[in-house]
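# Observations on the three-dimensional arrangement
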Amino acid sequence: MIVEMKKVSLVILEAEKTESLKALRKAGVLHLEEIEGGSAELSAYKEQSSETEKALAILEEVKLGKKQTVEQVKLSAEDAVAKAKEIISFTDTKKSLFDKINQNTQELARLEKWGSVNPAELASLTEKGLYLYMFEIPQDKYSEISKDINTVVVNKINKVVRFLLVSDVEVEERPEGLPAEAYSVPLPECSTEKLKDDIVKAKAEIERLDREIVAAKKFEAALKESKNRLLSDIEFENISSGMEKEDEELSEAETRLAWVTGYVPVDSMDKFKKVCSDNSWAYVASEPKEDDMVPTKLKNNKLVSLIYPLTDFLGTVPGYHEYDISGWFLLFFTVFFGMIFGDGGYGLLLTGVGVAMAVKSLASKKGGSLAGLVLLLGLATVAWGTVTCTWFGLTPDMLPDWLKELSVPQLSNAYGDTQWPIFWKPESGLYLTTAQNLQIFCFTLALLQLSVAHLKGIAANLKSLKWIGEFGSLMQVVGMYWVVLSMVVSAEVFTFNEVIYGIPVGKLAIGLVAVGFVLSFVFSSYSGSVVESVLESCKNIISVLLGVVNVFSDVVSYIRLWAVGLAGAAISGTVNSMAGPLLGHAVLFVGFLALIVFGHGLNMILNLLSVIVHGVRLNTLEFSNHLGMSWSGFKYNPFSERD
């Protein structure tokens, strides 16, 4: 259920703000409305937190040997901040050294064909009145250089002539007799020998810095602790600097008031009142308004709470004024998971994983919900595999008879293409295949889940005529169920002229859809006036008409459970077919095992993705749309001390 909240405004003395916030944080019950503070301390904390995160990211990239362990060293708060800056400086220095190596390497590559070049030597000749300039020119153009220009050829490599232009005066402009193809080669900043030496020194320094970073791995735990401490400081300072307060010009410093607004669960109000009394705070509590951004706190029994690891992973939180469907989510998701995985053998593996996780969680006394969820989903998969006689994709003739006898014949793979008489009129001579029975099962799940959605809507709107609109939607779902069966499963069996126990089911289904549409059209937007409700529906006539189509598509959407499960079974069978020929050869037995493990492992991963895409979708989209839910909520997160 969604725990009821009280909107609370808390008033304290600004002079006692720091002590009061510490006491409030220790109580850990007040979820504060969003506050945007600003101060020099807050900026400093944020900068330190950012630096600590960068330092941790650097240390996480350090890979140690499997058997290599590092004994962690504790640091004070100040030393942890300084250590983070030092680690960042290591990487910054490494970056500049790599840049220097890259630049020097490019310079050496540019001057490679010139041999050893030393600008200092050329400068010494300049002081003696001899000016030398480095040039390169295509070999066939060298002869076009004017005879008035003095040149000294250095070498001729790859049809390129490298030469020195010699002058007794400084040449400021390009000589006229020099062809345009002659390219002036800029001198390096230092000699090529020094460039090489700098590269060697830079590489040695990088190796030293790498050792320093590896050695800093022993401070990783201390930096994580520092990060949590800084996040707590940021949160505290943000609230402290962002609290509203009285105007300084209108009040004395000793009596100036400050206040915050937030939300407290009703089951924590006694604790909140006590801490207010102990600290002489003033507060006022009221019911949240419709437009208030109220956090959502869910409270359920241990069984229903098994769904929380999944909803936390998905980030789905119902709005405060929406429904808590945790129990229904868990129930239907468990069924969907079992059908999509569909293989009892896979279920046994999942159950084994769940048991191992449960044992580990019992030993560590934490993480029990995830272990329980995995165990439940594994058992659901085993149950569905038993019903359909599906075990590691093996053909029925490879399974023992007792497994076949445990299956439900009408849904079992063990009976091949057997056709089964329709259960409500076996003497009619009409039959359904196993695949059709599975399709009917999927659509029946749709009927049940979508009916639950509208029954909850009826219960929630009993004090208003809007419940009639929900009832109309329920009638459409029930009627559309028969329409889907006739159009998708078998028009021959589910004919509109079919009479069951004297009831013309097909005509009744059409009547339910028609009457349900009218009731929904008239009352779905009811808010005190039938006329206004009808006018509202007329304004949205296109979406209202499409609503009938949506009911049809939502029911049909559940066929994905059968289709995805069928695809998984086909992959399992294909893996077995590929591995089968290897089984009879001792030499190829290792290949057989590798193919089986890889193939079925890949299939399980694909099944898991299918569960996320399809099994979750049916709950968070189809089911939720019929409930009118948008998952617009956010979790209750009180101002409290961090672990």
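Quick caveat: nothing in here was measured; it's all calculated off a predicted structure. (Residues numbered from 1 in each chain as written. Predicted model: local features only at pLDDT ≥ 70, side-chain atom pairs only at ≥ 80, totals over all residues. Heavy atoms only, no water.)

### Let's talk about the overall build of the chain
Stated formally: Helix and strand assignments follow DSSP, with helices taken as H or I runs no shorter than four residues and strands as E runs no shorter than two, numbered in order from the N terminus. Radius of gyration: over C-alpha atoms. The globule rule applied is 2.2 Å multiplied by the number of residues raised to the 0.38 power. When accessible area is computed with a 1.4 Å probe and restricted to protein chains, residues below 20% of their type maximum are described as buried, those above 50% as exposed, and intermediate ones as partly exposed. Only heavy atoms enter the contact rule, under which two residues are in contact if any of them lie within 4.5 Å. In this tally, Lys and Arg are treated as positive and Asp and Glu as negative; His is ignored, and so are the chain termini. Here the site of a charge means NZ on Lys, CZ on Arg, CG on Asp, or CD on Glu.
A tally of helices and strands in the chain yields 19 helices and 13 strands. Whereas a compact globule of 643 residues would reach a radius of gyration of roughly 26 Å, the chain reaches 38 Å, over 25% beyond that. Seen along its three principal axes, the alpha-carbon backbone of the chain occupies a region of about 120 × 90 × 60 Å. Taking all 643 residues of the chain together, 42% fall into the buried category. In the chain, of all internal contacts separated by at least 6 residues, the share reaching a separation of at least 24 is 76%. Between the centroid of the 60 positive side chains of the chain and the centroid of its 78 negative side chains there is a distance of 6 Å.

### Focus on the packing of helix H3 (residues 77–111) against helix H5 (residues 192–215)
The line we're drawing: A fitted line through C-alpha atoms serves as each axis, taken over the contacting stretch for helices, and the angle formed by two N-to-C directions is quoted from 0 to 180°. The labels follow the angle: roughly parallel below 35 degrees, roughly antiparallel above 145, roughly perpendicular from 65 to 115, and oblique for the rest. Take the far helix as the reference: if the near one is turned anticlockwise from it by less than a right angle, the crossing is left-handed, and if turned clockwise, right-handed. Charged means Asp, Glu, Lys or Arg here, nonpolar means Ala, Val, Leu, Ile, Met, Phe, Trp, Tyr, Cys or Pro, and polar covers whatever is left, Gly included.
Put simply, H3 and H5 touch, their axes get as near as 9 Å, and they point 155 degrees apart. If you check the angle between H3 and H5, you find them roughly antiparallel. Classified by chirality, the crossing of H5 by H3 is left-handed. Residue composition of the contact of H3 with H5, grouped by class: 12 nonpolar, 5 polar and 9 charged.

### Quick look at the sheet that holds strand S5 (residues 160–167)
Note the following rule: Strands qualify as paired when DSSP identifies two bridges or more between them.
If you trace the 4 strands from one edge of the open sheet to the other, you get S4-S5-S3-S6, paired in antiparallel fashion. Sheet topology places strand S4 (150–157) and strand S6 (183–184) at the edges, where each strand pairs with a single neighbour. Pairing of strand S3 (residues 131–138) with S6 involves 2 bridges; the strand directions are antiparallel. By the bridge assignment for S6, Phe135 is matched with Ser184.

### What to know about the pattern of salt bridges
To keep it simple, the criterion reads: Between Lys or Arg on one side and Asp or Glu on the other, a salt bridge is scored when a side-chain nitrogen of the former is within 4 Å of a carboxyl oxygen of the latter.
Inspection of every chain in the model, using the stated rule, returns 24 salt bridges. Across the pair Asp267 and Lys297 runs a salt bridge, and its minimum N-O distance is 3.8 Å. Note that Asp267 is positioned in the loop between strand S8 (257–265) and helix H7 (269–278) and Lys297 in the loop between strand S9 (282–286) and helix H8 (308–314), a separation of 30 residues in sequence. Among the salt bridges present, the one from Lys404 reaches Asp401, with a minimum N-O distance of 3.9 Å. Of this pair, Lys404 and Asp401 both sit in helix H12 (residues 401–406), 3 residues apart, which is roughly one turn of that helix. For Asp401, a relative accessible area of 51% puts it in the exposed group. Linked by salt bridges that have partners in common, Lys7, Glu33 and Asp292 make up one network.

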